[in-house]
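Analysis of the macromolecular model
If you want the building blocks of each chain, they are given just below.
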Amino acid sequence: MELDASADAALVRRFFDRSGRVHIAGILKADAAKAVFSCLAEQTPWQLSIHDDQGPRDIPARSFEQIEPSLRAELSRRVDRAAARGFAYRFSNCRIDTAEDARAVPLILRRFHEFLNSPPLLQFARVATGFDDITFADAQATLYNPGDFLTCHDDDVKGKNRRVAYVFNFTPLWRVEWGGLLAFPDAYGHLHEAFTPAFNAVNLMRVPMVHTVTQVATFAAAGRYSITGWFRAS
Ligand SMILES: O=C(O)CCC(=O)C(=O)O
Ligand SMILES: [Fe+2]
C-alpha cells in the first residue's frame, strides 16, 4: 500500500488551511486502490449499522434490504423517526481495528489500517493538516446502499482526541444525483460544499465540523464504498 507519487502534503495544506477540509484525487497508487476496491466489493463481511432513537446498534445483515421484512419495517420506522428529529444513520460497515474477531477482517483491510498507521502516512496527515500531535488512525470500511444516510453531526466525541476525519473513496461508478454526498451546510443551512463519491480519492476534514452523508437514492445503481475514520492524538 502506497501513496501516489503526486501526493504533495505541503500543497494539500494550502487548501486545508482555508476551509478545514479538502478532497484529494488520485491519492493512492492505482494498483492499491483497485485491490482495496475489489476487496470491498467481493470479500468484505458487511453488517448493518443503524442509529435510531435508542442509540447505535449493529444488525447481522449485509444490508437493510436483507433484513426479514417485518423487522425491516419496524427498524425503518424507528430510523426515519429519529432522522426526522435529529441524529440518525443507516449504512453497512466492517470494523477494522475494533473488530470482535480480527481474523474475520480481510487481509487487505488490515493492511490498509497498517498503512494508515505507518510513519510516512501519519507524517503526510500531520503536514497536510497542521495537526502535529496526530499519532494514530482508527478505521472502518463502510458501504452505503440505496436508502442509507448519516444525518448532520460534527464528529467531536469527548476523550477520543479526533483531530481530522478521513474518508478514502473507493466508488468507481457514481452520479451526483444518486446522493451519498458528503455535504457541508453553512450557518444559513445552505450547502456550502459537497464531495461526490469518487474512486481513489480521500476527503480530509477538521474535527469538529458539521457534515452529513445525504441519503442514497432508491435508483442508485452501485454501492458507495469507503474506508473511513479519524487521525487522532494519543
Ligand atoms: O462517509 C463519509 O463520507 C463520512 C462518514 C462520517 O461522517 C462519519 O462516519 O462520521
Ligand atoms: Fe462524520
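Overview of the structure. These numbers were taken from a predicted model, which means no experiment stands behind them.

1. A look at the coordination of the iron ion (ligand 2)
Taken together, H153 (NE2), D155 (OD) and H211 (NE2) make up the full set of protein donors to the iron ion (ligand 2), lying 2.1 to 2.3 Å away. Mapped onto the sequence, the donors of the iron ion (ligand 2) take the spacing H-x1-D-x55-H. With a gap of 58 residues between them, H153 in strand β7 (residues 149-153) and H211 in strand β12 (residues 211-213) connect regions that are remote in the sequence. Accessibility assignment for this pair places H153 and H211 in one class, buried.

2. Section: the site of ligand 1
Contacts to ligand 1 come from L150, H153, D155, V167, L182, H211, V213, R224 and W230. H153 is positioned such that a nitrogen or oxygen atom in its side chain is 3.1 Å from an oxygen atom of ligand 1. A distance of 2.8 Å is found between an oxygen atom of ligand 1 and a side-chain nitrogen or oxygen belonging to R224. Of all the secondary structure elements, the ones that give two or more residues to the shell around ligand 1 are β7, β12 and β13 (224-232). Of the residues that constitute the shell around ligand 1, the class distribution is five nonpolar, two polar and two charged.

3. Quick word on the pattern of salt bridges
One pass over the full model with this rule turns up 15 salt bridges. Between D53 and R78 there is a salt bridge, with the nearest N and O atoms lying 3.9 Å from each other. Here D53, found in the loop between β2 (47-52) and β3 (55-59), pairs with R78, found in helix α3 (residues 69-85); they are 25 residues apart in sequence, far enough to count as distant. With relative accessibility at 44%, the residue D53 sits in the partly exposed group. Using a relative accessible area of 18% as the deciding quantity, one classes R78 as buried. Measuring nitrogen to oxygen at the nearest pair gives 3.1 Å for the salt bridge that ties E177 to R175. The class for E177 is partly exposed, based on a relative accessible area of 42%.

Cut-offs and rules
Residues numbered from 1 in each chain as written. Chains lettered and ligands numbered in written order. Predicted model: local features only at pLDDT ≥ 70, side-chain atom pairs only at ≥ 80, totals over all residues. Heavy atoms only, no water. Donors = N, O, S within 2.8 Å, 3.2 Å for Na, K, Ca; no water. Helix = DSSP H or I, 4+ residues; strand = E, 2+ residues; numbered from the N terminus. Buried < 20%, exposed > 50% of the residue type's maximum accessible area, 1.4 Å probe, protein only. Near = heavy atom within 4 Å. Polar contact = N/O pair within 3.5 Å; in protein donor to acceptor, adjacent residues only side chain to side chain. Nonpolar A, V, L, I, M, F, W, Y, C, P; charged D, E, K, R; others polar. Salt bridge = Lys/Arg side-chain N within 4 Å of Asp/Glu carboxyl O.

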